[in-house]
Amino acid sequence: MARTVLVTGGAGGIGRAIAAAFLAVQDTVVLADIDKAEEAAADLGVRGVAVDITDEKSIIRALDEIGPVDVLVNNAGLLGIHGRLLDLPGTDLHALLRTNVLGTFLMTQHVAHRMVQRGTRGAIVNLSSIGGRQPTPGMGGYESSKAAVDAITRWAAVELAEHGIRVNSVAPGPVLTPVLAAGLPEGSPARKAWLDRIPLRRLASVDTVAAAVVFLAGADHITGTSLPVDGGQLLT
Ligand SMILES: NC(=O)c1ccc[n+]([C@@H]2O[C@H](COP(=O)([O-])OP(=O)(O)OC[C@H]3O[C@@H](n4cnc5c(N)ncnc54)[C@H](O)[C@@H]3O)[C@@H](O)[C@H]2O)c1
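Residues numbered from 1 in each chain as written. Predicted model: local features only at pLDDT ≥ 70, side-chain atom pairs only at ≥ 80, totals over all residues. Heavy atoms only, no water.

### Some words on the site of the ligand
For the record, the criterion: The criterion for a residue being near a molecule or strand is simple. One of its heavy atoms has to lie within 4 Å of it. Under this definition, polar contacts are N or O atom pairs within 3.5 Å; protein pairs additionally need one hydrogen-donor-capable and one acceptor-capable atom, and for neighbouring residues in sequence, both atoms have to be side-chain atoms. Reported accessibility uses the Shrake-Rupley method at a 1.4 Å probe radius. Residues are deemed covered only where the shown protein chains occlude them.
By nearness alone, 27 residues border the ligand, and Ile 14, Asp 33, Asn 75, Tyr 142 and Val 175 come closest of all. Here Gly 12 contributes a backbone N or O atom positioned 3.3 Å from an oxygen atom of the ligand. Contact distances for the ligand include 3.3 Å between a nitrogen atom and a backbone N or O atom of Ile 34. Relative to its free-state accessible area of 820 Å², the ligand is covered by the protein chains to the extent of 88%.

Right, dumping it as structure tokens:
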């Protein structure tokens, strides 16, 4: 039976691919974003809803509008803020934690409340990062937020299991989104530096990440895991 799948950050590079992947298996997709939700949703022919995942009033308004959700994909996130430990302003760390940690928590809490109330044996998939487990200089603020996303995943999985709700993460290495492709042009030293860290010698495509999200959303006996989609980078 078709599930209703809510994808946050659905207007972004990976979010669009996730929305398209659920559509391809005949699910009903609702794309939510703080920016350009309607435009991105119209491109895919799905419903678009504006939401700020850091704002509870906005979340409640969006969830009331959307109705029952079977699968939540916590994909919205901030990833463009970098800085080394000795330099990163505290306000930048706060911004990363506010969106990636507080936002993921609030969406999980509000959607899970509604699933429990309705008796929906649903699934939640979070977008983490292998950076939560493997450091790269200059990326520690972001990585700290993704380590917390993995902790929220385990926390939610162990507490929501009694309601039949499964919670997992997909943890990509660098993903070839339009933004990343522009920042790391093919043949550039920066692109080569990443490729040299990846045993399979290529970056993940957005479709590969989306396929892992669809898999975990339907993986009957899997909960509390964070699945690397990293070409083996964690092995090095
Ligand atoms: N691109 C990568 O290499 C990579 C690697 C590992 C993990 N990830 C994770 O995948 C997810 C998607 O990344 P992406 O590369 O598609 O980034 P992106 O910037 O293209 O998309 C992120 C989307 O989240 C939305 N968003 C930001 N703050 C929001 C808020 N408060 N409320 C609602 N929406 C908000 C943005 O508007 C944007 O559309 C992120 O969680 C990111 O951390 C990305």
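There is more to say, and it comes next.
### A closer look at helix α3 (residues 56-66)
Heads up, the rule is: For the exposure calls, accessible area comes from a 1.4 Å probe over protein chains only, and a residue counts as buried if that area is under 20% of its type's maximum, exposed if over 50%, partly exposed in between. We count a stretch as a helix when DSSP gives it H or I for four or more residues in a row; a strand needs E for two or more, and each element gets its number in order from the N terminus. The directions from the helix axis to the C-beta atoms form the arc being described. Any two residues having at least one pair of non-hydrogen atoms within 4.5 Å are treated as being in contact.
Those residues of α3 that fall on the buried side of the exposure criterion are Ser 58, Ile 59, Ala 62, Leu 63 and Ile 66. Summarising the axial view, the buried residues of α3 lie within an arc of 125°, below the 170-degree limit, and thus occupy one face. Exposed residues lying more than 90 degrees from the buried face of α3 are Lys 57, Arg 61, Asp 64 and Glu 65. On the buried face of α3, the contacting elements are β1 (4-8), β2 (28-33), β3 (47-50) and α4 (90-118). With a side-chain oxygen lying 3.0 Å from the backbone nitrogen of Lys 57, the N-terminal cap of α3 falls on Asp 55. A positive phi of about 85° marks Gly 67, the residue just after α3.

### Digging into the layout of surface pockets
Empty space left among the atoms is revealed by rolling a probe the size of a water molecule over them. Quick reminder of the rule: Here a cavity means grid points, on a 1 Å grid over the protein atoms only, where a 1.4 Å probe fits yet cannot get out; a pocket means an open set of points with protein on both sides within 12 Å along at least five of seven lines; lining residues are those with an atom within 4 Å of a point. Grid points are joined across faces, edges and corners, and a volume is the space filled by probe spheres set on the points. Just so you know the grouping, Ala, Val, Leu, Ile, Met, Phe, Trp, Tyr, Cys and Pro go in nonpolar, Asp, Glu, Lys and Arg go in charged, and all remaining residues, Gly too, go in polar.
Estimated volume of the largest pocket: approximately 1300 Å³. Taken together, 50 residues form the lining of the largest pocket, with Gly 77, Leu 78, Leu 79, Gly 80 and Tyr 142 sitting closest to its centre. A breakdown of the residues in the lining of the largest pocket according to their chemical character gives 22 nonpolar, 20 polar and eight charged.

### Examining the sheet that holds strand β7 (residues 226-229)
Put simply, the test is: Only strands joined by at least two bridges in the DSSP assignment are considered to pair. Between N-to-C directions, angles span 0 to 180 degrees; the directions come from axes that are lines fitted to C-alpha atoms, helices contributing only their stretch in contact.
If you trace the seven strands from one edge of the open sheet to the other, you get β3-β2-β1-β4-β5-β6-β7, paired in parallel fashion. On the outer flanks of this sheet lie β3 and β7, each paired with one strand and no other. Each strand axis lies, on average, 20° off the axis of its neighbour in the sheet, ignoring direction. Pairing geometry for β1 and strand β4 (residues 71-74), over three bridges, is parallel.

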